[in-house]
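# Remarks on the overall topology
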6 protein chains.
Amino acid sequence: MSADLTHFDAAGHAHMVDVSSKRETHRRAVASGTISMHPATFDKLAQGTASKGDVLGVARLAGIMSAKQTGNLIPLCHPLPLSHVSVEFALDQAACVVTCTAATETVGRTGVEMEAMTAVSVALLTIYDMLKAVDRGMVINAVKLIEKHGGKSGSWVAD
Amino acid sequence: MSADLTHFDAAGHAHMVDVSSKRETHRRAVASGTISMHPATFDKLAQGTASKGDVLGVARLAGIMSAKQTGNLIPLCHPLPLSHVSVEFALDQAACVVTCTAATETVGRTGVEMEAMTAVSVALLTIYDMLKAVDRGMVINAVKLIEKHGGKSGSWVAD
Amino acid sequence: MSADLTHFDAAGHAHMVDVSSKRETHRRAVASGTISMHPATFDKLAQGTASKGDVLGVARLAGIMSAKQTGNLIPLCHPLPLSHVSVEFALDQAACVVTCTAATETVGRTGVEMEAMTAVSVALLTIYDMLKAVDRGMVINAVKLIEKHGGKSGSWVAD
Amino acid sequence: MSADLTHFDAAGHAHMVDVSSKRETHRRAVASGTISMHPATFDKLAQGTASKGDVLGVARLAGIMSAKQTGNLIPLCHPLPLSHVSVEFALDQAACVVTCTAATETVGRTGVEMEAMTAVSVALLTIYDMLKAVDRGMVINAVKLIEKHGGKSGSWVAD
Amino acid sequence: MSADLTHFDAAGHAHMVDVSSKRETHRRAVASGTISMHPATFDKLAQGTASKGDVLGVARLAGIMSAKQTGNLIPLCHPLPLSHVSVEFALDQAACVVTCTAATETVGRTGVEMEAMTAVSVALLTIYDMLKAVDRGMVINAVKLIEKHGGKSGSWVAD
Amino acid sequence: MSADLTHFDAAGHAHMVDVSSKRETHRRAVASGTISMHPATFDKLAQGTASKGDVLGVARLAGIMSAKQTGNLIPLCHPLPLSHVSVEFALDQAACVVTCTAATETVGRTGVEMEAMTAVSVALLTIYDMLKAVDRGMVINAVKLIEKHGGKSGSWVAD
């Protein structure tokens, strides 16, 4: 495997990449993803958010807390002290789809893309968990990085 | 919100549902999901699996280990002792897509759907992490439950 | 130290008590505690609960999730699969006090008193965290067991 | 809810506050709390500390270790690398009360008040756990911040 | 690889072995290990145990608590609710060696050998940590299983 | 106990040493250890590494991931953001012994010796776990620090 798969050394063995000599810079990442569901399920979710049974409030917290667990979940990910995490949701009534967007920041030697991706994934999984009693057929889609800033490679923005 | 959103009580407050009076039965769940990537990225992954730099081997372990963390990640999920976890991958060269399938089992009072869904999500996030140095545009799609068995509600199979 | 401090063996060494030969029975515990604050802080909390900025919603989840961490926090506590956790709050406007009550259940070989006590403590700590920017002088009081049921020692109810 | 509840954004959604632009300074916090018990229980505790069955030694370690878990327990708390944790106890024989005091320090972008408060709470919960076989009626009181130093808001000392 | 390496399936892929159909039986395991040090270090340890600075008390707790983390540390290990953990030490003054012995029990579908082995390893690592400021040359040796009982394979005792 | 056991204060109470005033420097540590087994077991391991059933690949990941858990396992160890972890194995066919070597790095206020020692221990425990179905008599030996660099005490290399 070529040298650009940095999670492997020259012998092809997995390792946690050495970032000791990298500078501490301000890093930021944004990721998003969706969950689609039956119209009846979507209505329950939308009503709950407006009044009682706040599915999105629970999912938001789950996403934020999971960002702090990223280093424990992703084997070769560096542990790092996050300086900011936010998780937001947008509801598309016509499509019966919820879009989750997470932003993460740190001042450190590695990026926070995985923290944003993990926050989105766990927030969407939590929505699934809370609504699965009425709709087991929900599907999570389009979990992806939107942009990232900071570090030697600088900024990247999805097409 | 109607009573069938079991994660909320009559007042709309989140709680961990009482399963004390449910019988311990054999539970099984299967979930799957995909990650799509550039052809050049797919080739690196496929080559690595065949020889050195085993991305899928790392992702498989990450998925298995994350299934054991499900109760810590999903706020209202019951903690339970899993009796089986497996995570498999299938490569579609033409589409440049990897499909991950996870199966989980327990003998207990609640189902293991969330454990299977979490294993798939974290395995796919790990693939993203290990290949993101060469391809930040990869996308995770179609994370969904395939089937579940056991418990009062019996078997369910996706259409 | 007398033999009735069960967390120590005959030599006075800490150990996790052997419960292998105990029967699995339905266990239940209820604990409570309070946090007192300035009237202005209490008003912010009460307003937030009614509309935006749901301090108690966050604290409830924190309490529920912490119950699942009890075996990792309390050194000699047995790990066990909880079958139910709920966390509720009552607001006393006149006294500017929030009372938190947590109930925990399992079907197992040991009681769930510590899980209920931990859920109350972490829920109250979370309220402190979320309001401390406006009131560092809040005080947590009266964290105690209210009742417990099941197991060889049967039921106990606080005076 | 007014803007000074920093754990919520303008829309009232919980988030982990952005501290990226704060300076790293030396932070220190001290918290305390008490547990009161029956005279017979207090005597067991006091004797154990002097010879065998060291309840306070176990509780001290539990408190120290829990300070390191604060970011995982308190949903919107920033994870941070602690540079110092100490947990001490004082025994008031006349009142049958144990007072726990915890001090925490870091060099970072946020304060360590929650780490000190958590260490006190878990140390007192551990005392409860270890003595509950002889006294279920023990009560935890007066868990509060004593002082904090460092950061933009500077020093604060309880009245 | 032959079928008797049960942690791999027929394709050579790691999985968590399916124990769903195994009966719940009483399981017990005992493991041990040693740490050797300079005579001056050994004297400090021995004095501390007798009076102040209880190295072995801290190491005992670390061992007990780590047994509860075994399923999170060892990738293919089943998580299980332990019903008993004890960790003991014996001091050999002549050889300047401390021997640690850990016993673990559960009533479950898999054995507790790894829990006992982990408790021994972490207890010895903790001794190393606490004494390393005076002796970095300490060595951990002879970490091994002594005996295990219960389950389909029954009892096994080391030669 | 003399003042040089830094994990205890003047009263002999365990604490997490105050490193607030230490400078952040580049720290590095290397540790190693061995596991010995029956010739038939060694052959299975060696074959698996060459083709299917990659015991060492699983053990490597377990070691890397455990380094990130060191602060949670070792009671008085400072939590810190690791900047590099690698785990390697060497096979001695004649002796039927596998040697594991782990290297850890950070830029911080304390050393990373315990992270390297923990990575070695958990990697070897994982080998034990994966091969124990065919050989319960394997023994872990010679877990020790090889060298450490950085910090006020500078470099240390084992004899």
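Residues numbered from 1 in each chain as written. Chains lettered and ligands numbered in written order. Predicted model: local features only at pLDDT ≥ 70, side-chain atom pairs only at ≥ 80, totals over all residues. Heavy atoms only, no water.

Rules: UniProt positions are given in the numbering used here, feature names are shortened, and annotations may be inferred rather than shown by experiment.
For chain A, the name recorded in an unreviewed UniProt entry is Cyclic pyranopterin monophosphate synthase, with Jezberella montanilacus as its organism. We quote the UniProt Sequence similarities (unreviewed entry) comment for chain A here in full: "Belongs to the MoaC family." The record in UniProt for chain A states the following under Pathway (unreviewed entry): "Cofactor biosynthesis; molybdopterin biosynthesis."

### Considering the overall build of chain A
As a reminder, the rule being used: The secondary structure listing takes helices from DSSP runs of H or I that are at least 4 residues long and strands from runs of E that are at least 2 residues long, numbered from the N terminus. Three labels apply to residues, based on accessible area from a 1.4 Å probe with only protein chains included: buried if under 20% of the type maximum, exposed if over 50%, partly exposed otherwise in between. Only heavy atoms matter for contacts: two residues are in contact if any of them lie within 4.5 Å across the pair. All accessible areas in this document rest on Shrake-Rupley with a 1.4 Å probe, and a residue is counted as covered only by the protein chains that are shown. Only four residue types enter the charge count: Lys and Arg as positive, Asp and Glu as negative, with His and the chain ends excluded. Charged groups are reduced to one reference atom each: NZ for lysine, CZ for arginine, CG for aspartic acid, CD for glutamic acid.
Summing up its helical and strand segments, chain A has four helices and five strands in all. In chain A, the succession of helices and strands from N to C terminus is β-α-α-α-β-β-α-β-β. Each principal axis of the C-alpha distribution contributes one length, and for chain A these read about 55 × 30 × 30 Å. For chain A, the proportion of its 159 residues judged to be buried stands at 62%. Residue pairs at least 24 apart in sequence account for 70% of intrachain contacts in chain A once pairs closer than 6 positions are excluded. When the accessible area of chain A is evaluated, it comes to approximately 5300 Å², of which 52% is carbon and sulfur surface. Between the averaged position of the 14 positive side-chain charges in chain A and that of its 15 negative side-chain charges there is a distance of 4 Å.

### Quick notes on the relation of the copies chain A and chain B
Short version of the rule: Least-squares superposition of the copies uses the C-alpha atoms of those residues scoring a pLDDT of at least 70 in each of them.
It takes a turn of 180° to lay chain A on chain B, together with a shift of 0.0 Å along the axis; the resulting RMSD is 0.0 Å. On this basis, the relationship between the two copies can be described by a two-fold rotation axis. Within chain A, Asn141(A) has its C-alpha nearest the rotation axis, a separation of 2.1 Å. The overlap is high: 100% of the interface residues of chain A also sit at the interface in chain B, so the same surface is used on both sides.

### A few points about the nonpolar core
Note the following rule: Buried Ala, Val, Leu, Ile, Met, Phe, Trp, Tyr and Cys residues that are joined via side-chain atoms within 4.5 Å together make up what is termed a nonpolar core.
Of all hydrophobic cores here, the largest spans 294 residues; its most connected members are Ile127(A), Ile127(B), Ile127(C), Ile127(D), Ile127(E) and Ile127(F). Ignoring sequence-local partners within four residues, the contact set of Ile127(E) consists of Ile35(E), Met37(E), Val55(E), Leu56(E), Ala59(E), Phe89(E), Val98(E) and Met138(E).

### Notes on the interface of chain A and chain B
How we decide: Throughout, the accessible surface (probe 1.4 Å) given up by two parts as they are put together, summed over both, is called the buried area. Salt bridge, as used here, is a side-chain nitrogen of Lys or Arg placed within 4 Å of a carboxyl oxygen of Asp or Glu. In protein, a polar contact requires one atom able to donate a hydrogen and another able to accept it; more generally it is a pair of N or O atoms within 3.5 Å, and residues adjacent in sequence count only if both atoms are side-chain atoms. Here the term charged refers only to Asp, Glu, Lys and Arg, the term nonpolar to Ala, Val, Leu, Ile, Met, Phe, Trp, Tyr, Cys and Pro, and the term polar to all other amino acids, Gly among them. Strands are treated as partners if at least two bridges between them are detected by DSSP.
With 55 residues of chain A at the interface, the matching set in chain B holds 55 residues. Between chain A and chain B, a total of about 4500 Å² is buried, with carbon and sulfur atoms accounting for 70% of that surface. At the junction of chain A and chain B, the tally comes to two salt bridges. Taking the shortest distance from any N to any O, the salt bridge between Arg136(A) and Glu113(B) comes out at 3.5 Å. The tally of links from chain A across to chain B stands at twelve residue pairs in polar contact (both at pLDDT 80 or more). Listed by contribution, the elements that provide at least two residues to the side of chain A that touches chain B are helix H1 (39-50), helix H2 (55-67), helix H4 (113-131) and strand S4 (139-149) of chain A. The leading source of residues in the side of chain A that touches chain B is H4(A), at twelve residues. Residue composition of the side of chain A that touches chain B, by class: 31 nonpolar, 14 polar and ten charged. The sheet contact formed by S4(A) and strand S4 (residues 139-149) of chain B spans two bridges and is antiparallel. Its bridge partner being in S4(B), Val143(A) is matched across the sheet by Ile140(B).

### Some words on the UniProt feature "binding site: substrate" (unreviewed entry) in chain A
The sites that carry the UniProt feature "binding site: substrate" (unreviewed entry) are, in the present numbering, Leu76(A), Cys77(A), His78(A), Met114(A) and Glu115(A). The annotated residues occupy 40 residues of the chain but converge on a single region, no pair of C-alpha atoms lying more than 12.8 Å apart. Note that His78(A) resides in the loop between helix H3 (70-73) and strand S2 (84-92). Sequence-distant contacts of His78(A), that is, excluding residues within four places in its chain, are made with Met16(A), Val17(A), Val19(A), Thr110(A), Glu115(A), Leu82(F) and Ser83(F).

### A few points about helix H2 (residues 55-67) of chain E
Note the following rule: The span one expects for a helix is its residue count, reduced by one, times 1.5 Å.
Counted at 1.5 Å a residue, the expected span for H2(E) with its 13 residues is 18 Å, and the 19 Å between its end C-alpha atoms agrees. Summarising burial for H2(E): 13 of the 13 residues are buried, a large majority.

### Side note on the relation of the copies chain F and chain E
If you rotate chain F by 180° and push it 0.0 Å along the axis, it lands on chain E with an RMSD of 0.0 Å. Comparing interface residues between copies, 100% of those in chain F also sit at the interface in chain E, which points to an isologous, same-surface contact.

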